[in-house]
Amino acid sequence: MTHTDSGLSSSSDDTLDRQLPPEWDRLLATGARPPAPPGAPAAGPLLDNLAGWGPADTPAGPFALLPVQLERDLDRIADWMNDPAVAAFWELAGPPETTADHLRAQLRGDGRSVPCLGVLDGVPMSYWEIYRADLDPVARYYPARPQDTGIHLLIGGGGDRGHGLGTTLLRATADLVLDHRPHCGRVIAEPDLRNIPSVAAFLGAGFRYADEIELPDKRAALMIRDRAHRHQL
């Protein structure tokens, strides 16, 4: 998981502004969720049933994390991965199968990483990976604690970047993790040090810069948001 990074760089090109089907709008409005298939990673205990977390209220509108369904979401996510501003850090540009392989590795796993669409006010506009950092290879590179939860993200449309929206959604997502994972004391991230907009967004969302760490494919800023300090930020 350590090769991914937050795609928050500025860009002038919008991508795939399609809305979810009407049935998803109703589910988001009521806070209900379609049941996750038995054995699906998002329904498992490693991330406390992420599929059932429900939406968060933000200044930009209701925001929800919806676990990816490959047949529904692949084209959209693959298009985002081919945006040069995203590809510079995620390195998943290419045919849809490149993105599909990345998603399948998580969807067929044990639930320690769940790929999600970020849906803001009914519109899918970002891609997220919520993962158990303490069970991830990144744990070899920082003093991990049990139940540490990590975040990777990209903002899909260029029009949604560069206006502080990443900060808003990072704060909301970190709050969702801390609200629904009672044994998790910290939310962590490891954006590429070169991605200054991403590091700034994490700082604005209440994360602290904890260290500079050398990962196999990048030099990263270790960003941490502590449960103990969440209401002070």
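See the structure above.
Residues numbered from 1 in each chain as written. Predicted model: local features only at pLDDT ≥ 70, side-chain atom pairs only at ≥ 80, totals over all residues. Heavy atoms only, no water.

A.B. asks: What should I look at first to understand the overall build of the protein in this one?
C.D. replies: When its secondary structure is counted, the protein shows six helices and eight strands. Mapped in sequence order, the helices and strands of the protein form the string α-β-β-α-α-α-β-β-β-α-β-α-β-β. The buried share among the 233 residues of the protein stands at 53%. Of the contacts made within the protein by residues no fewer than 6 positions apart, 69% connect residues no fewer than 24 positions apart. Total accessible area on the protein stands at roughly 9,900 Å², and carbon and sulfur atoms take up 53% of it. (Helix = DSSP H or I, 4+ residues; strand = E, 2+ residues; numbered from the N terminus. Buried < 20%, exposed > 50% of the residue type's maximum accessible area, 1.4 Å probe, protein only. Contact = heavy atoms within 4.5 Å. Areas by Shrake-Rupley, 256 points an atom, 1.4 Å probe, with all protein chains shown as cover.)

A.B. asks: Looking at this structure, I do not really get the packing of helix α5 (residues 165–180) against helix α6 (residues 196–204). What am I missing?
C.D. replies: Packed helix pairs are characterised by how far apart their axes lie and by the angle those axes make with each other. Where α5 meets α6, the axes come as close as 8 Å, and the angle between the chain directions of the two elements is 50 degrees. When the interaxial angle is binned, α5 and α6 end up oblique. Here the hand of the crossing between α5 and α6 comes out right-handed. Two secondary-structure elements touch here, α5 through Gly166, Thr167, Leu170 and Arg171 and α6 through Ala200, Ala201, Phe202 and Gly204. Looking at the contact of α5 with α6, its residues break down into four nonpolar, three polar and one charged. (Axes fitted to C-alpha atoms, helices over the stretch in contact; angles between N-to-C directions. Parallel < 35°, antiparallel > 145°, perpendicular 65-115°, else oblique. Left-handed = near helix turned anticlockwise from the far one by under 90°. Nonpolar A, V, L, I, M, F, W, Y, C, P; charged D, E, K, R; others polar.)

A.B. asks: Explain the nonpolar core here, please?
C.D. replies: Note on soluble globular proteins: their nonpolar side chains tend to be buried together. Core analysis: the biggest nonpolar cluster contains 35 residues, and Leu65, Trp128, Ile130, Ile151, Leu169, Leu170 and Phe207 have the highest contact counts within it. Those elements that place two or more of their residues in this core are β2 (61–67), β3 (113–120), β4 (123–132), β5 (149–155), α5, β6 (186–189), α6 and β8 (218–226). Among the elements that make up this core, the one with the highest residue count is α5 (eight residues). Residues Trp80, Met81, Leu92 and Leu154 belong to the second largest nonpolar core, which totals 16 residues. (Core = buried A, V, L, I, M, F, W, Y, C linked by side-chain atoms within 4.5 Å.)

A.B. asks: How should I be thinking about the packing of helix α2 (residues 70–81) against helix α4 (residues 96–107) in this particular structure?
C.D. replies: Their axes nearest at 9 Å, the elements α2 and α4 cross at an angle of 125 degrees. Judged by the inter-axis angle, α2 sits oblique to α4. You can see that α2 and α4 cross each other, and the crossing is right-handed. Facing Leu70, Leu74, Ile77, Ala78 and Met81 of α2, the residues of α4 in contact are Pro96, Thr99, Ala100, Leu103, Arg104 and Leu107. Tallied by class, the residues present in the contact of α2 with α4 amount to nine nonpolar, one polar and one charged.

A.B. asks: Mind showing me how you'd approach the sheet that holds β8 here?
C.D. replies: Each strand in a sheet pairs with its neighbour through backbone hydrogen bonds, running either in the same direction (parallel) or in the opposite one (antiparallel). Judged by pairing direction, the sheet is mixed, and its eight strands sit side by side in the order β1-β2-β3-β4-β5-β6-β8-β7 without closing on themselves. Both edges of this open sheet fall to β1 (56–58) and β7 (208–215), since each of them pairs with a single strand only. On average, adjacent strands in this sheet sit at an angle of 30 degrees to one another, irrespective of strand direction. With respect to the sheet, α2 is in contact with β2, β3, β4 and β5, its orientation differing from that of β4 by roughly 90 degrees. (Pairing = 2+ DSSP bridges.)

A.B. asks: I keep staring at the pairing of β5 and nothing clicks. Help me out?
C.D. replies: In regular strands, side chains alternate between the two faces of the sheet. Counting buried positions over the seven residues of β5 gives seven, a clear majority of the element. Bridging between β4 and β5 involves seven bridges; their strand directions are antiparallel. Within β5, the residue paired with Ile130 across the bridge is Ile151. Relative to β6, β5 runs parallel, the two sharing two bridges. Counted as the bridge partner of Thr149 is Val187 from β6. Tracing the backbone out of β5, into α5 and back to the parallel element β6 gives a crossover that is right-handed. (Right-handed = clockwise from strand over helix to strand, strands pointing away.)

A.B. asks: Is there a simple way to explain the environment of Thr99 in this structure?
C.D. replies: As for its position among the elements, Thr99 is in helix α4. C-alpha separation for the pair Thr99 and Trp80, spaced 19 residues apart in sequence, amounts to 9.9 Å. Beyond its immediate chain neighbours, meaning those up to four positions away, Thr99 contacts Leu74, Ile77, Ala78, Met81 and Leu92.

A.B. asks: Would you mind showing me how to read the environment of Pro115 here?
C.D. replies: As for its position among the elements, Pro115 is in strand β3. On the basis of relative accessibility, which here comes to 2%, the residue Pro115 falls in the buried class. Considered as a pair, Pro115 and Leu153 are 38 residues apart in the sequence and their alpha carbons are 9.6 Å apart. Excluding anything up to four places from it in sequence, Pro115 contacts Leu66, Pro67, Val68, Leu103, Gln106, Leu107, Tyr127, Trp128 and Glu129.

It is worth stressing that arrangement in space is one thing and function is another; only the former is reported here.
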